[in-house]
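Now for the letters of each chain:
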Amino acid sequence: MNVSVLLIILLVGAFATYFAGDKLASKVALLFSLVAFGLSIALLNSYNAGENISFFKYWINKPAIAYSLTADGLSLIMLLLTTALTPLIIYSSFENEYKNAKSFYALILFMSFAMTGTFLASDGLLYYIFWELSLIPIYFIALIWGNGDVEERKKAVVKFFIYTLAGSLFMLIAFVYLYQKAGSFLIADLYNVKLSRVEQFWIFWAFFLAYAIKIPIIPFHTWQAKVYQKAPTVGTMLLSGIMLKMGLYSVLRWQIPVTPIASKTYLPILIGFGIAGVIYGSIVALRQKDLKKLLAYSSLAHVGLIAAGCYTLNIDGLRGAVLQMLAHGFVVVGLFFAAEIIFRRYETRTIADMGGIRSQAPKFASLFMILVLASVALPTTFNFIGEFTVLYSLSQINIWFALLGGTTIILGAYYMLKMYQQVMLGETNARVFADVSFHETLVLVIIIAVIFIFGLYPRPINNLITPALDQILRTLFRIQ
């Protein structure tokens, strides 16, 4: 099956949305995003039927650059995450009004196109192009449609753009060097190129800078909280739900297999970076007075644990990291949407200005509580499967890694339940809070259904991703 059709649909959808005009833009964007999701399901069925999901055509002869797309189980699960969350994010915005809506929704689809290309590309330079393309739409979404003081927003968004672009340039330099060694940008050739220990170390850290900023991993996280806070909620959902997964995915797809010696050498340091993010994000979240910033630091803590799982270099760690990527994607989108629902009614994100909502909106209170419990990895939820698997993999390396990583559950339960108490409980708020509408309920129910379905039955995902992860580990532990 020609996998490039998915990219064409998203790209055409972006243009169609723009030319549809402001009134129809949201509906056209939703239509194309649903078609893309349907095609992702079709690609999954073709893959399960044994078909080769790829497309290859030489693009430029000198240097040798190919338009090469390949989907294995790992790529497909990231495609499904991207194309499932995109229509949910678009639909969640239907009760908001945006100036120049046609551009806003066109940028969302273009961003989805670029992120999808990043997950599919099997040529290093093509991958880099998609990687950078995804930065452009979120820059404009956050800058033009963001909230708060304009000057503060500009500073936050420009810092994010420059910081991310600068990190990516190191990755580009690494790809150029690898091309000189391999004579090709194709991923299979890069996996097989012979690099000395010193060469691997330099390339490893060049990749690490790009990915650590995107994820983000401490100490490269300084852009995150401000951008999450200042971006419109749709932009925050795209960043936290999908875009940061590009960095985590790339660690597994590009960094670890290309530089196996360096990956093994720096394993304890890299896991330490991840666990530091868990502890730091959790402690800082405790002190937040803004709901979006609290959720941003909570996300930083969870992503730190995922990054630690990626660098364990064992099958449990890699599998747990991918499962947690998916779980985190859905839960964090749900939590930011819950924050947006509150903002629609109260026009504030300050936790102290909330409280007493449960008595006025019992349905919303119940749905929000489920998302909070999923975030703290309650058993039977999707997050529990991922976090438990990652912690188990960390215990195989060093029990202290697992104990320190486990603080994400303890501290997370404290600050998330405390937040819920301050926001939802207490005496009835003097201001009226209308319970969730049909649109809002539908988005939250879909997210919660995914959380419980795969929390109770993760086997289909395990079966899909395990062969691809096994192949990565075989490449990693090949004879040097």
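For clarity, every value in this text was computed on a predicted model and none was experimentally measured.

Rules of the game
- Residues numbered from 1 in each chain as written.
- Predicted model: local features only at pLDDT ≥ 70, side-chain atom pairs only at ≥ 80, totals over all residues.
- Heavy atoms only, no water.
- Phe/Tyr/Trp six-rings, centres within 6.5 Å; stacked < 30°, edge-to-face > 60°.
- Helix = DSSP H or I, 4+ residues; strand = E, 2+ residues; numbered from the N terminus.
- Buried < 20%, exposed > 50% of the residue type's maximum accessible area, 1.4 Å probe, protein only.
- Lys NZ or Arg CZ within 6 Å of the ring centre and 35° of its normal.
- Expected span 1.5 Å × (residues − 1).
- Contact = heavy atoms within 4.5 Å.
- Core = buried A, V, L, I, M, F, W, Y, C linked by side-chain atoms within 4.5 Å.
- Patch = residues over 30% accessible without salt bridge, like charges linked within 9 Å, V, L, I, M, F, W, Y side chains within 5 Å.
- Areas by Shrake-Rupley, 256 points an atom, 1.4 Å probe, with all protein chains shown as cover.
- Salt bridge = Lys/Arg side-chain N within 4 Å of Asp/Glu carboxyl O.
- UniProt positions renumbered as here; feature names shortened; annotations may be inferred.
- Pairing = 2+ DSSP bridges.
- Polar contact = N/O pair within 3.5 Å; in protein donor to acceptor, adjacent residues only side chain to side chain.
- Axes fitted to C-alpha atoms, helices over the stretch in contact; angles between N-to-C directions.
- Parallel < 35°, antiparallel > 145°, perpendicular 65-115°, else oblique.
- Left-handed = near helix turned anticlockwise from the far one by under 90°.

Here the focus is the packing of aromatic side chains. Tallying each qualifying case throughout the model produces 37 aromatic pairs. Seen in terms of ring centroids, Phe-56 and Tyr-58 are 5.0 Å apart; in terms of plane orientation they differ by 85°. Their pairing is edge-to-face. Between Tyr-346 and Phe-433, the aromatic rings sit 5.4 Å apart at their centres with planes inclined by 80°, giving edge-to-face as the arrangement. Here Tyr-346 is found in helix 15 (residues 315-346), whereas its partner Phe-433 is found in the loop between helix 19 (407-424) and helix 20 (438-456), with 87 residues between them in sequence. The exposure class of Tyr-346 is buried, given its relative accessible area of 5%. Accessibility expressed as a relative area gives 2% for Phe-433, which makes it buried. Of the aromatic side chains, those joined through ring pairs into one cluster are Phe-201, Phe-204, Trp-205, Phe-208, Phe-220, Tyr-266 and Phe-273. It is Lys-214 that lies over the ring of Trp-131; its NZ or CZ is 4.7 Å from the centre. Between the NZ or CZ atom of Arg-431 and the centre of the ring of Tyr-346, over which it lies, the distance is 4.2 Å.

Next up on the list: helix 19. A rise of 1.5 Å per residue sets the reference length of helix 19, with its 18 residues, at 26 Å; its end C-alpha atoms lie 25 Å apart and thus fit the reference within 8%. When helix 19 is considered as a whole, its buried residues turn out to be Thr-407, Thr-408, Gly-412, Tyr-415, Met-416, Met-419, Tyr-420, Val-423 and Met-424. Structurally, helix 19 contributes buried residues whose contacts are with helix 13 (267-286), helix 14 (291-310), helix 15, helix 16 (362-375), helix 17 (382-397) and helix 18 (399-405). Where helix 19 terminates, the next one or two residues include Gly-426, which has phi positive at roughly 95°.

Before going further, it helps to spend a moment on the nonpolar core. Membership of the largest hydrophobic core comes to 182 residues, with the highest contact counts inside it found for Tyr-211, Leu-252, Ile-342, Phe-364 and Phe-368. Broken down by element, this core gets its largest block of residues, 19 residues, from helix 15. In this view, Tyr-211 contacts Tyr-127, Trp-131, Met-171, Gly-247, Ser-250, Val-251, Trp-254 and Gln-255; residues no more than four positions away in its chain are not counted. By size, the runner-up hydrophobic cluster in this structure holds 5 residues, among which are Tyr-139, Ala-142, Leu-143 and Val-157.

What follows covers a nonpolar patch on the surface. Together, Ile-399, Trp-400, Leu-403 and Leu-404 line one region of the surface with nonpolar side chains, adding up to about 430 Å² of accessible area. On the secondary structure map, Trp-400 appears in helix 18. What makes Trp-400 exposed here is its relative accessible area of 57%.

Within this structure's numbering, the places UniProt gives as "domain: NADH:quinone oxidoreductase/Mrp antiporter transmembrane" (unreviewed entry) are residues 122-407. In residues 122-407, helix accounts for 79% and strand for 0%; the two terminal C-alpha atoms are 37 Å from one another.

As a further point, take the environment of Gly-146. Take Gly-146: it is sitting in the loop between helix 6 (135-145) and helix 7 (150-182). A relative accessible area of 17% means that Gly-146 is categorised as buried. Residues Gly-146 and Pro-219, 73 residues apart in the sequence, show an inter-C-alpha distance of 25 Å. Aside from chain neighbours lying at most four places away, what touches Gly-146 is Ile-141, Arg-153, Lys-230, Ala-231 and Pro-232.

The next point concerns the pairing of strand 2 (residues 65-70). Bridge count for strand 1 (residues 54-60) against strand 2 is 6 bridges, and the pairing is antiparallel. By the bridge assignment, Phe-56 is partnered in strand 2 with Ser-68.

A few words on helix 14. Here helix 14 is 20 residues long and its end C-alpha atoms lie 29 Å apart, about the 28 Å a rise of 1.5 Å per residue gives. For helix 14, the tally of buried residues reaches 20 of 20 residues, placing the bulk of the element in the interior. The opening residue of helix 14 is Asp-290, an N-cap whose side-chain oxygen sits 2.9 Å from the backbone nitrogen of Lys-292.

On to the packing of helix 11 (residues 233-258) against helix 21 (residues 459-476), then. Packing of helix 11 against helix 21 leaves a shortest axis separation of 9 Å and a crossing angle of 15°. Taken together, the axes of helix 11 and helix 21 lie roughly parallel to each other. Remark: the crossing between helix 11 and helix 21 carries right-handed chirality. The residues of helix 21 that touch helix 11, namely those facing Leu-252, Arg-253, Ile-256 and Pro-257, are Leu-469, Ile-472, Thr-475 and Leu-476.

You can see Ala-114 is positioned in helix 4 (residues 101-120). Setting aside residues up to four positions removed in sequence, Ala-114 forms contacts with Phe-130, Leu-133 and Ser-134.

What follows deals with unusual backbone geometry. Here Lys-62 and Pro-63 are connected by a cis peptide whose omega angle stands at -5°. For the peptide bond that leads from Ile-218 to Pro-219, omega is 5°, which places it in the cis range. By secondary structure assignment, the location of Pro-219 is in the loop between helix 9 (197-214) and helix 10 (224-230). One non-glycine residue, Asn-100, adopts positive backbone phi at about 55°. Along the polypeptide, Asn-100 turns up in the loop between helix 3 (73-92) and helix 4. Look at Asn-100 and you get partly exposed, because its relative accessible area is 35%. Here the phi dihedral of Thr-380 falls at roughly 85°; this positive angle occurs in a residue that is not glycine. Along the chain, the position of Thr-380 falls in the loop between helix 16 and helix 17.

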